[in-house]
Amino acid sequence: MYRSILDFGEHSFVERKSTFIGRAAPVHSEDEANDFIAAIRDNEPRATHHCACYRIGRDGRYQKADDNGEPHGTAGIPMLEVLKKEDLTDVVVVVTRYFGGIKLGASGLVRAYSKGCHEAIEAARIAFFAPFSLVSATYSYAAKGKIDYEMAPYVALEPEYDEAVRARYWVPEGDVDKVQEQLLNLTSGNLVWTVEQTRHLPMNAEGKPLEGRIEDVRP
C-alpha cells in the first residue's frame with residue numbers, strides 16, 4: 001500500500017506581490033515527470049522560475065528537486081520535503097513563480113514554495129493505493145444466489161450469462177486465496193477460477209476500489 005494523488009491539481013496565491021502557481025500530477029516514471037515539468041516551462045516562458053520535484057516508485061526511490069534559479073535549497077528541496085512528509089510517491093509538482101518586485105528572503109521562499117507544493121497536492125486529492133486482483137469465477141446458475149451473497153463485500157463487474165455464469169470481481173490481493181477456497185466450497189469444486197490481473201487502485205473509506213477508477217478490462 002502507498003499514498004499518491006488521484007488527478008491533476010492546481011492552486012495559486014500571491015505572496016508579497018509574487019504570484020505562485022502550484023501544479024501536481026500523478027506519474028509513473030521519471031520520463032513522465034520530466035515531460036510534465038518541460039510542458040509547464042514551455043507553456044509559460046515568461047515566468048521567473050519553474051521549481052520542481054518528484055518522487056517515483058513504491059518506496060519513493062527515484063526523486064529529484066530543482067530550484068530552477070532560486071537560491072540553493074529554497075525551492076525544490078523544501079517541496080520535496082513536503083512530498084516526503086506526506087509519504088507520497090508517483091507524484092510530480094511544479095511551482096511557478098512570477099516575481100512581483102519584492103524579495104522574500106530565503107525563509108520566505110522556503111515557506112512560499114512549500115505552500116505551493118502542499119496546496120497543489122491537496123487540490124490533486126491524496127488517496128491510499130493498494131493491490132487488487134481482478135478475478136473471474138465461472139459457475140452454475142444453481143450456485144448464483146450463494147455466490148452473490150458471499151461476494152457482496154467486493155466490487156463486482158457486469159456478469160456474463162451463457163451456459164454458466166461468469167462473474168468478475170476486484171478483490172484485495174491478500175484475500176484472493178481465501179475467496180477462491182470459499183467459492184470452491186460453495187460450488188463443491190465446480191468452479192473455474194482465474195486471476196486476470198493485479199494492480200494498485202485507489203481506495204475509498206471502506207477499503208474498496210474507488211468508484212470511477214476501475215476499468216472493465218476484458219481478456
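Quick caveat: nothing in here was measured; it's all calculated off a predicted structure.

The rules we used
- Residues numbered from 1 in each chain as written.
- Predicted model: local features only at pLDDT ≥ 70, side-chain atom pairs only at ≥ 80, totals over all residues.
- Heavy atoms only, no water.
- Helix = DSSP H or I, 4+ residues; strand = E, 2+ residues; numbered from the N terminus.
- Rg over C-alpha atoms; globule rule 2.2 N^0.38 Å.
- Buried < 20%, exposed > 50% of the residue type's maximum accessible area, 1.4 Å probe, protein only.
- Contact = heavy atoms within 4.5 Å.
- Areas by Shrake-Rupley, 256 points an atom, 1.4 Å probe, with all protein chains shown as cover.
- Lys, Arg positive; Asp, Glu negative; His and termini not counted.
- Charge placed at Lys NZ, Arg CZ, Asp CG, Glu CD.
- Core = buried A, V, L, I, M, F, W, Y, C linked by side-chain atoms within 4.5 Å.
- Polar contact = N/O pair within 3.5 Å; in protein donor to acceptor, adjacent residues only side chain to side chain.
- Pairing = 2+ DSSP bridges.
- Axes fitted to C-alpha atoms, helices over the stretch in contact; angles between N-to-C directions.
- Arc of directions from axis to C-beta.

Visitor: Please explain the overall build of the chain as it appears in this structure.
Guide: Helix and strand counts for the chain come out as 5 helices and 11 strands. Radius of gyration (C-alpha) of the chain: 23 Å, far over the 17 Å computed for a compact globule of 219 residues. Taken along its principal axes, the extent of the C-alpha atoms in the chain is 75 × 30 × 25 Å. With 219 residues in all, the chain has 43% of them scored as buried. Nonlocal contacts in the chain, meaning residues at least 24 apart in sequence, comprise 70% of its contacts between residues at least 6 apart. Surface summary for the chain: the accessible area is close to 11300 Å², and the carbon and sulfur share equals 48%. Computing the positive centroid from 26 side-chain charges and the negative centroid from 34, the chain places the two 8 Å apart.

Visitor: Looking at this structure, I do not really get the nonpolar core. What am I missing?
Guide: Nonpolar side chains in soluble globular proteins tend to be buried together. Residues Met-79, Leu-83, Val-93, Tyr-113 and Ile-121 are the most contacted members of the largest nonpolar core, which totals 23 residues. Mapped onto this core, the elements with two or more residues apiece are strand E3 (18–26), strand E4 (49–56), helix H2 (76–85), strand E6 (91–98) and helix H3 (105–124). Among the elements that line this core, the one with the most residues is H3, at 7 residues. In this structure Ile-121 touches Ile-5, Ala-24, Val-82, Leu-83, Glu-86, Leu-88, Val-91, Val-93 and Ile-126, once residues within four positions along its chain are discounted. Within the second largest apolar cluster, 16 residues are counted, among which are Ala-137, Tyr-169, Val-179 and Trp-193.

Visitor: Help me understand the side chain of Arg-23, please; the structure alone is not making it clear to me.
Guide: Of note, Arg-23 is situated in strand E3. Owing to a relative accessible area of 9%, Arg-23 belongs among the buried residues under this scheme. Looking at Arg-23, its side chain comes within polar contact range of the side chain of Glu-10, at 3.4 Å. A distance of 3.4 Å separates a polar atom in the side chain of Arg-23 from a polar atom in the side chain of Thr-96. Non-local contacts of Arg-23, meaning those with residues more than four positions away in its chain, are made with Phe-8, Gly-9, Glu-10, Phe-36, Ile-40, Glu-44, Val-92, Val-93, Val-94, Thr-96 and Ala-120.

Visitor: Explain H2 to me, please; I cannot follow it from the model alone.
Guide: Owing to its 3.6 residues per turn, the α-helix aligns residues three or four sequence positions apart on the same side. Residues of H2 that are buried: Gly-76, Pro-78, Met-79, Leu-80, Val-82 and Leu-83. Among the structural elements, E4, strand E5 (62–66), E6 and H3 are those in contact with the buried residues of H2. Following H2 by one or two positions, Asp-87 adopts a phi angle in the positive range, close to 55 degrees.

Visitor: Could you clarify how one ought to interpret unusual backbone geometry in this entry?
Guide: Leaving glycine aside, a negative phi is the common case for residues, and trans is the common case for peptide bonds. For Asn-68, which is not glycine, the phi dihedral falls at a positive 45 degrees. Relative to the helices and strands, Asn-68 is located in the loop between E5 and H2. Under the relative-accessibility criterion, Asn-68 is labelled partly exposed at 27%. At Ser-188, a position not held by glycine, the phi torsion is positive, near 55 degrees. Secondary-structure assignment places Ser-188 in the loop between helix H5 (176–186) and strand E11 (192–202). Among the residues examined, Ser-188 registers a relative accessible area of 65% and is labelled exposed.

Visitor: Looking at this model, I keep getting lost on the sheet that holds E6. Mind explaining?
Guide: Consider a sheet: its strands pair through backbone hydrogen bonds, and that pairing is either parallel or antiparallel. Here 5 strands make up an open sheet; going across it, the order is E2-E3-E6-E4-E5 and the pairing antiparallel. Edge positions in the open sheet fall to strand E2 (9–15) and E5, since each of these has one partner strand only. Sheet twist, expressed as the mean angle between neighbouring strand axes with direction ignored, is 15 degrees. In this structure, E4 lies alongside E5, joined through 5 bridges in antiparallel fashion. Looking at the pairing, Ala-52 lines up with Asp-66 of E5. Lying over the sheet, helix H1 (residues 30–43) contacts E3, E4, E5 and E6, oriented at roughly 165 degrees with respect to E4.

Visitor: Could you clarify how one ought to interpret H5 in this entry?
Guide: Taken together, the buried positions of H5 are occupied by Val-176, Val-179 and Leu-183. Around the axis of H5, the buried residues are gathered within 65 degrees of arc, so they sit on the same side. Residues Asp-177, Glu-181 and Asn-185 are exposed on H5 and point more than 90 degrees away from its buried face. If you follow the buried residues of H5, they end up packed against strand E7 (126–139), helix H4 (144–150), strand E10 (165–172) and E11. One or two steps after H5, the chain reaches Ser-188, where phi turns positive at roughly 55 degrees.

Such coordinate-based values are descriptive only and should not be taken to indicate function.
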